[in-house]
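Survey of secondary and tertiary structure
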Amino acid sequence: MATRGSRSEKVKRIFQQFDGNHDGGLNREEMAVLVVAVNPRVKFSDEQINAILDEVFRTYSEFIDGEKGLTYDGLLRTYDDGAGDVDRDFEALGLELMKPEDNAGTSIAADVASSSSIVDERVMEPHKKQRTAAWAASPNHGIVFDDTWKLVDDLEILIKRLKSKQSKDGKVKNDNSDVYSEGWSRELGPSTELSDKRVSWEETGHDYSVFVKELGVLRSRSDGSRSREEAFDGHMAIGRVLYDQHLFKEALVSFKRACELQPADVRPHFRAGNCLYVLARHSESKEEFLLALEAAEAGGSQWAYLLPQIHVNLGIALEGEGMVISACEHYREAAILCPTHFRALKLLGSALFGVGEYKAAVKALEEAIYMKNDYADAHCDLASALHAMGDDDNAIKEFQRAIDLKPGHVDALYNLGGLYMDMGRYQRASEMYTRVLSVWPNHWRAQLNKAVALLGAGETEEAKKALKEALKMTNRVELHDAVAHLKQLQKKKLKGNGNGNGEEAFIIVEPSKFKTLTEKTTLRMDLSTALDIRSFQRITRLNRCDIDQIKKEINETDVPMSYSGGVPEKSIRKASLEEILHRLLKFLKPETFIGAVKTINQKVFSVLDESESGRLDLGMFFAVLAPVCGGSPDKRKRIAYEALLWRPVNEGSNQIRKTDAQRYIKLLRAIYIPSHGASEMLEIHGEMDTSLVSLAEFTAMFDDPDWGFGIMSTLLKLEFGDRNRHGSHVCATCRYPIIGSRFKELKSHFSLCSQCYSEGKVPPTSKLEEYRFKEYASESEAVKDKCMWFGIHSKASSPAAS
C-alpha cells in the first residue's frame, strides 16, 4: 500500500509519462493513450474512449487548462475519486519513482526533537505544502489562508508529541496511519477495511488530556481569525489532519464547528458524516450525508465532482443501519453520475446480493470487475451470488480468483469452505477453514465449521480436537447445537440417510398413509405449510411486531396517489417501504434487520410487484403482513380488512369490494402457500363482481379452509406451543429432543417431532400399511391421556365390570 507521499509521486510520474508535449496538461489524445495503456486487457471501442474522455473532462472541468487539457492536480483528483488505482496503473506502465538525489530540492526535512514550545519545534521550510497531505494543496479541499498553515504545523507537532509519549508506554496500537485504502470515497470504506488500518489511541490518560487541552488552544486561535472564512478554513484543516491520524472524535468536533460557520458548505457535512460512520454512529452519519447531499444539489455544478462520493458514503451509512434497499438507490445514483466508478458498482452488487436479488447482483459485480479486474472483494461477492444461484463451478473459480489476488482474503476463504461443505467436499472445506484460522486465529465459526468438515471427512479424532478449540474460543449456544449436529453426521455417513452401518435412519411415507386419530391432530400437509410460515415469522421477527403498529402506520402514513396503472393507488418505492419496515421492526439489530428485509423482499415484494416496477401497493402490503404479526387472530383479520378499506379504490366506503377481498386472499395464498397460490393467481383476472363485503363476510372468506387462509389456526397453534418440551422424549428419526408438538404413532408407539412428521419420515423398523397419529401439545396432555387410558382399562378388568 502506497504512503501519501509516494502516491502523489506516482501520479506525477504517470502524468509526466503521458504529457507528450510537456505543456503541463493532458489533452484528449494524451488522455486516450493513458486510458488504453493502463487497461492493457480491455479492448476499447472509439465510442467507449470518447465516452470516458467526455465524462472526465466534464466532471473535472475546473482542472482543465484550456487547450492544454487536464492538469496534474486534475489527474490526482481522478485517482482520489476512485476513477483508477494508482499502484495498479503504475505497475502496469512499468514506471519507477525518482531517486532521492533526483528530487533533492523538494525532499522532506527530517523530524526535529520535541520540546515544550510548539514554535521551537516548527520546521520553517519555504515549501511547506510539499510535506503535507495531498488534500492540503487541492483547489477544492486545500488550505486557503497562510495562518491556517501555521495551525496545521502546530497541530502536527502536537500529534507527533502525543504519539511519541503513547508509543513509549505501548498505548498506540496498529500505528500505520500513513496507510489508507485506495479507490472511491477512500475515507469511508466498509468497517472491515477500516478496522485493519485504524490506529487505536489511549484516550483516558494524562497525555491525551494535555493534547486535547492544547488542541483547544489551536481551535480558539482559529475562532479568533480575522474573518468567518478564515476561521472555517482553520477548523476544516484541523479536522482533516486529525482525521488522517485517526483521531476521529476530535476531528468531528472541528468539522461540526465548520458546519456552524458555513452551514451551506458541502465539505464539513461530508467530513462529519465520515467521522460519525467510523465511530459507529450510523444514524447521525446518515443525517450529515443527507445535509451534504442537499447542499451539493443546491450548489449547482460547484459540487458536481463530490456528488458521487456523497451518494456512495450515504449508501454505506444506510447499510450500517441495515437499510440495504435504500443504500442500493444511492449506489446506483453514484454509478449513473460516474459510469467508470467501479467501487460504486461493487457496493451496489454486494447490496443487491444482501437483499436476495442475485441476478442483478451478478450483473453489477461483473461490471465492476470489467473496470477493475484485480478487485478481490468484487470477485468474492460475485462468487457468493453465483453460489446462491446454483452456479457452483463458476463460483469456485471466482472465489479462487479473489484468493489468488489476496491470499489472506478471509471472506473468500470462509465462503469457499462453506461451498465445499455444501458439495460434500469435506477435506477441501477443512483446508479452507484452516487457512482462515491462519489469518484470523480467533475465528470461532471457522474453527467450528472445521470440526464439522473433519467429521464429514471421517477424521473423528481431529474433529473432536477442533471442537475443543472452538469451545475454548467461545461458549455460545451455537456450539451446543453443533455438538448435536456432529452426532447426527456420525449417524449419516452414507447418503445423508444412514447410521454408518449401512442402515437407513428413516424412510419417507406418502401422505395418504398418514392418518389422524382425532380432529385435534394436525394434518401432515397443513403442518408443513404452517412450519414454513412460522419460519418466515422467525426470520423476519414480524410475530414480535404488534398488529397495532400496522394500524398506527395506516393512520399516520401520508402516501401520494399514483395512477400508473390507470387505477388510483397508494403505491411507494421499495426504499420507502423499507423505512416503514424499519419503524415496525425497530427492535432489531442492523444485521438482523437486513436478513428480515431480504426474506420479505424474496417472499412478499416479489409477488406484490408483479410488473417489476419497484413500486408496491402499500394498503395491500399492510394487509398481507397483518396475519403474521403479533396480536389476537380477530384483531389481525380486522386490521387486514382496514388496510384494504384504506386503499383508494375503497375510500369513502365502510365496506370493501368483493373483488378486492378475493384478490387479497389469493395474494395471501400465493405468498404463504405458494404450492397452491401460484395457480390460483391466474384466476384473478376477468372477475367483474362489483358487490361489497362487510367485515363479517370478509372474515368468513378469510377462514375458509379450502379457498381462504384457514391455515392460520394451525399457525396459531405453533406460535403458542412450538417451544414446549416433552421431557426425555426424542424423535424416532432425527433423534433430537422433541420441542413443540409430539406426534405419537398408536400402533408402533414411536414419537415424531413436528418437522419429521410434516416431512413424512418414520423409523425403518416400523413399516406399516398405514400410520395413525395423535398429537400432544404438551407432556401434561400425554400424562392426562395415559391416566384416562389406565382408568378405562382398570374399570374394564374389575369384578364389578364383569
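Residues numbered from 1 in each chain as written. Predicted model: local features only at pLDDT ≥ 70, side-chain atom pairs only at ≥ 80, totals over all residues. Heavy atoms only, no water.

Labelled according to an unreviewed UniProt entry, the chain appears under the name EF-hand domain-containing protein, originating from Anisodus acutangulus.

Our next topic: the UniProt feature "repeat: TPR" (unreviewed entry) in the chain. The UniProt feature table records "repeat: TPR" (unreviewed entry) at residues 232-265, 342-375, 376-409 and 410-443. With 79% helix and 0% strand, residues 232-265 has end C-alpha atoms that lie 10 Å from one another. The distance separating the terminal C-alpha atoms of residues 410-443 is 10 Å; by composition the span is 82% helix and 0% strand. (UniProt positions renumbered as here; feature names shortened; annotations may be inferred. Helix = DSSP H or I, 4+ residues; strand = E, 2+ residues; numbered from the N terminus.)

By the definition in use, this model includes 38 salt bridges. Here Lys-286 makes a salt bridge to Glu-287, at a shortest N to O gap of 3.9 Å. Judged by relative accessible area, Lys-286 falls into the buried class, the value being 18%. The salt bridge involving Glu-642 is made with Lys-551; its shortest N-O contact spans 2.5 Å. Taken together, the residues span a long stretch of sequence, with Glu-642 in helix α30 (residues 633-646) and Lys-551 in helix α26 (residues 547-556) at a distance of 91 residues. (Salt bridge = Lys/Arg side-chain N within 4 Å of Asp/Glu carboxyl O. Buried < 20%, exposed > 50% of the residue type's maximum accessible area, 1.4 Å probe, protein only.)

Our next topic: the packing of aromatic side chains. Evaluation of the coordinates by the stated rule reveals 24 aromatic pairs. Where Phe-514 meets Tyr-757, the ring centres are 5.5 Å apart and the plane angle is 35°; that geometry is what we call tilted. Separated by 243 residues along the polypeptide, Phe-514 in strand β4 (residues 514-516) and Tyr-757 in helix α35 (residues 754-759) bring together distant segments of the chain. Tyr-757 gets classed as buried once you look at its relative accessible area, which sits at 1%. Relative to Phe-698, the ring of Tyr-641 lies with its centre 5.4 Å away and its plane at 55°, an arrangement referred to as tilted. Placement of the pair is Tyr-641 in helix α30 and Phe-698 in helix α33 (residues 695-703), with a sequence separation of 57 residues. (Phe/Tyr/Trp six-rings, centres within 6.5 Å; stacked < 30°, edge-to-face > 60°.)

Before going further, it helps to examine the nonpolar core. Counting 148 residues, the largest nonpolar core has Phe-621, Tyr-664 and Tyr-672 as the members making the most contacts within it. Of all hydrophobic cores here, the second largest spans 33 residues; its members include Leu-151, Leu-162, Ala-251 and Ala-272. (Core = buried A, V, L, I, M, F, W, Y, C linked by side-chain atoms within 4.5 Å.)

By secondary structure assignment, the location of Arg-77 is in helix α4 (residues 72-80). Between the C-alpha atoms of Arg-77 and Phe-63, which are 14 residues apart in sequence, the distance is 8.9 Å.

This part covers the pairing of strand β14 (residues 771-776). The buried fraction of β14 is high, at five of six residues. Of the strand pairs in this sheet, β4 and β14 are connected by three bridges, and their pairing is parallel. When the sheet's bridge partners are listed, Lys-515 is paired in β14 with Arg-772. Bridge count for strand β11 (residues 742-745) against β14 is four bridges, and the pairing is antiparallel. The partner of Lys-744 across the bridge, within β14, is Lys-774. (Pairing = 2+ DSSP bridges.)

The first and last C-alpha atoms of helix α16 (residues 342-354) sit 18 Å apart over 13 residues, in line with the 18 Å expected at 1.5 Å per residue. For α16, a buried count of 11 out of 13 residues is recorded, marking the element as mostly surrounded by other parts of the structure. Along α16, the positions that sit buried rather than exposed are Phe-342, Arg-343, Ala-344, Leu-345, Lys-346, Leu-347, Leu-348, Gly-349, Ser-350, Ala-351 and Leu-352. Of the residues trailing α16, Gly-356 is marked for its positive phi of about 85°. (Expected span 1.5 Å × (residues − 1).)

Time to look at unusual backbone geometry. Even without being a glycine, Ala-280 presents a positive backbone phi close to 65°. Within the secondary structure, Ala-280 is located in the loop between α12 (266-278) and α13 (282-298).

Quick look at the side chain of Asn-601 now. For Asn-601, the position within the fold is in helix α28 (residues 590-608). Of the polar contacts made by the side chain of Asn-601, one reaches the side chain of Lys-574; its length is 3.2 Å. Setting aside anything within four residues of it in sequence, one finds Asn-601 in contact with Val-355, Glu-357, Lys-574 and Ser-606. (Polar contact = N/O pair within 3.5 Å; in protein donor to acceptor, adjacent residues only side chain to side chain. Contact = heavy atoms within 4.5 Å.)

Turning next to the pairing of β11. Note: β11 against strand β12 (residues 751-752), two bridges, orientation antiparallel. By the bridge assignment for β12, Phe-743 is matched with Leu-752. The hairpin turn running from β11 into β12, its antiparallel successor, is five residues long, and His-749 in that turn takes a positive phi close to 65°.

This brings us to the packing of α16 against helix α17 (residues 358-371). Their axes nearest at 8 Å, the elements α16 and α17 cross at an angle of 160°. Of the possible angle classes, the one that applies to α16 and α17 is roughly antiparallel. In terms of crossing hand, the pair formed by α16 and α17 is left-handed. Judged by residue contacts, Phe-342, Leu-345, Lys-346, Leu-348, Gly-349, Ser-350, Leu-352 and Phe-353 of α16 engage Tyr-358, Ala-360, Ala-361, Ala-364, Leu-365, Glu-367, Ala-368 and Met-371 from α17. The residue inventory of the contact of α16 with α17, partitioned by class, reads 12 nonpolar, two polar and two charged. (Axes fitted to C-alpha atoms, helices over the stretch in contact; angles between N-to-C directions. Parallel < 35°, antiparallel > 145°, perpendicular 65-115°, else oblique. Left-handed = near helix turned anticlockwise from the far one by under 90°. Nonpolar A, V, L, I, M, F, W, Y, C, P; charged D, E, K, R; others polar.)

Turning our attention to the sheet that holds β11. Sheet architecture is open: four strands sit in the order β4-β14-β11-β12, paired in mixed fashion. Unpaired on one side and paired on the other, β4 and β12 mark the two borders of the sheet.

A separate point is the environment of His-330. Along the chain, His-330 falls in helix α15 (residues 324-337). The buried category is assigned to His-330, whose relative accessible area is 16%. Taking the C-alpha atoms as reference points, His-330 and Asn-313, 17 residues apart in sequence, are found 8.7 Å from one another. Not counting the four nearest positions on each side in its chain, His-330 is found in contact with Leu-293, His-311, Leu-314, Gly-315 and Leu-318.

Glancing now at the side chain of Lys-570. Within the secondary structure, Lys-570 is located in the loop between α26 and β5 (571-573). Among the polar contacts listed, one links the side chain of Lys-570 to the backbone oxygen of Trp-646, at a separation of 3.3 Å.

Packed helix pairs are specified by the crossing angle of their axes together with the interaxial distance, meaning the distance between the axes. At a closest axis distance of 9 Å, the pairing of helix α19 (residues 392-405) and helix α20 (residues 410-423) adopts a crossing angle of 155°. Considered as vectors, α19 and α20 are oriented roughly antiparallel to each other. Taken as a pair, α19 and α20 cross one another with a handedness that is left-handed. Of α20, the residues touching α19 (which contributes Asp-392, Ala-395, Ile-396, Phe-399, Gln-400, Ala-402 and Ile-403) are Ala-412, Leu-413, Asn-415, Leu-416, Leu-419, Tyr-420 and Met-423. Considering only residue class, the contact of α19 with α20 consists of 11 nonpolar, two polar and one charged.

A word on the state of the cysteines. Taken as a whole and judged by the stated rule, the model has zero disulfides. Free cysteine: Cys-731, not disulfide-bonded; nearest cysteine sulfur from Cys-756 at 3.7 Å. The exposure class assigned to Cys-731 is buried, which follows from its relative accessible area of 0%. (Disulfide = S-S within 2.5 Å.)

To continue, consider the confidence of the model for the chain. Mean pLDDT over the chain: 82, with 81% of residues reaching 70 or higher. Confidence drops under pLDDT 50 across residues 99-131; counting only partners more than four residues distant or on other chains, this segment forms 35 contacts. Low pLDDT (under 50) marks residues 494-503, which in the prediction has 17 contacts with non-local residues, meaning those over four places away or in another chain. (pLDDT = per-residue confidence, 0-100.)

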